[in-house]
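Chains, contacts and geometry: an overview
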Amino acid sequence: GLSDLIGSSNSAIQTAAIELAGQWKESALVEPLSKIAASPTVDTTIRKAAIGSLRQLQSPEAARELVSLATSETGRGLQNELVAALTAMDANAY
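This text gives an overview of the structure that appears in the document.

Here helix H2 (residues 11–23) crosses helix H4 (residues 44–57) at 15°, and the two axes come no closer than 7 Å. By the angle between their directions, the pair H2 and H4 is classed as roughly parallel. In the packing of H2 onto H4, the handedness of the crossing is left-handed. Here Ser-11, Gln-14, Thr-15, Ile-18, Glu-19, Ala-21, Gly-22 and Gln-23 of H2 lie close against H4, whose contacting residues are Ile-46, Ala-49, Ala-50, Ser-53, Gln-56 and Leu-57.

So this is what it looks like as structure tokens:
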């Protein structure tokens, strides 16, 4: 399924799957998306896609993960994307 594609070694497939997870509101994928966003060994473009998908999920769990990442060492270099994602979260959605 989509969770398998998120772990693909092909970056184009992985990025597309990550983007679909957000578009399809796959809230069950918050954990793998968070791990990708937090991983300093993952390409920045893929990490940014994971942050964008977490934003699109509009869930309390996704918001918590974004805050956690924004305040951690692993979020360094992605603060602009993290702040933009958090400000785009709809606080009334949950």
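With that settled, consider the environment of Arg-55. Within the secondary structure, Arg-55 is located in helix H4. In this structure, the C-alpha to C-alpha distance between Arg-55 and Ser-27, residues 28 residues apart in sequence, is 11 Å. Residues in contact with Arg-55, not counting those within four places in the same chain, are Leu-66, Ala-84, Ala-85, Ala-88 and Met-89.

Enumeration according to the criterion identifies two salt bridges in this entry. Of the charged contacts in the structure, one is a salt bridge between Lys-48 and Glu-81, with a shortest N-O distance of 3.2 Å. On the criterion of sequence distance, the pair formed by Lys-48 in helix H4 and Glu-81 in helix H6 (residues 79–88) is long-range, its members being 33 residues apart.

Attention shifts here to unusual backbone geometry. Positive phi outside glycine occurs at Lys-25, with the angle close to 55°. Inspection of the secondary structure assignment puts Lys-25 in the loop between H2 and helix H3 (30–38). For Lys-25, a relative accessible area of 48% puts it in the partly exposed group. The phi angle at Gln-58 is positive, at roughly 55°, despite the residue not being glycine.

Cut-offs applied
- Residues numbered from 1 in each chain as written.
- Predicted model: local features only at pLDDT ≥ 70, side-chain atom pairs only at ≥ 80, totals over all residues.
- Heavy atoms only, no water.
- Axes fitted to C-alpha atoms, helices over the stretch in contact; angles between N-to-C directions.
- Helix = DSSP H or I, 4+ residues; strand = E, 2+ residues; numbered from the N terminus.
- Parallel < 35°, antiparallel > 145°, perpendicular 65-115°, else oblique.
- Left-handed = near helix turned anticlockwise from the far one by under 90°.
- Contact = heavy atoms within 4.5 Å.
- Salt bridge = Lys/Arg side-chain N within 4 Å of Asp/Glu carboxyl O.
- Buried < 20%, exposed > 50% of the residue type's maximum accessible area, 1.4 Å probe, protein only.

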